Amino acid sequence: SARASSGAGRASADRFVRIPAPEAAEHSEGAAMVCNGFFAPGLVKGSLCWLVIGLVATAVQSAYFVKETPKITIQESRQLGRVVVWTSVICMWMFW
């Protein structure tokens, strides 16, 4: 009786054909997938664009938005402008 049930199980298993997994067929043993991580081309290009925007904004701020008033000196105005420019550029870069 036990032998008959094991034979029946073997007959049903013979009906199925084993097909190798597609992953095993596509990759050789020595090949490995490489992750770009933080150096992905899009991230590098976008980060460089934000750096250029920050440098241009700093130049514009230094040329046109530095003003001495009775309560603030030219040096303080320049420093405040740089803080505003780089804080905003870094925040926009992080939200990008």
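Use the structure listed above.
Attention here is on the structure that accompanies the text. (Residues numbered from 1 in each chain as written. Predicted model: local features only at pLDDT ≥ 70, side-chain atom pairs only at ≥ 80, totals over all residues. Heavy atoms only, no water.)

## Brief notes about a nonpolar patch on the surface
And step 1. Residues Phe-38, Phe-39, Leu-43, Val-44, Leu-48, Leu-51, Leu-55, Ile-90, Trp-93, Met-94 and Trp-96 make up a contiguous nonpolar surface patch of about 1,200 Å² in total accessible area.
And step 2. If you list the elements that add at least two residues to the nonpolar patch, you get helix H3 (41-64) and helix H4 (74-95).
And step 3. The leading source of residues in the nonpolar patch is H3, at five residues. (Patch = residues over 30% accessible without salt bridge, like charges linked within 9 Å, V, L, I, M, F, W, Y side chains within 5 Å. Areas by Shrake-Rupley, 256 points an atom, 1.4 Å probe, with all protein chains shown as cover. Salt bridge = Lys/Arg side-chain N within 4 Å of Asp/Glu carboxyl O. Helix = DSSP H or I, 4+ residues; strand = E, 2+ residues; numbered from the N terminus.)

## Points about H3
For an α-helix, the turn length of 3.6 residues means that residues three or four places apart are oriented alike.
And step 1. Taking 1.5 Å of rise per residue, 24 residues should cover 34 Å, and H3 covers 35 Å from first to last C-alpha, within 8% of that figure.
And step 2. What H3 keeps buried is the set Gly-46, Trp-50, Gly-54, Thr-58 and Gln-61.
And step 3. In the core, the buried residues of H3 are packed alongside H4. (Expected span 1.5 Å × (residues − 1). Buried < 20%, exposed > 50% of the residue type's maximum accessible area, 1.4 Å probe, protein only. Contact = heavy atoms within 4.5 Å.)

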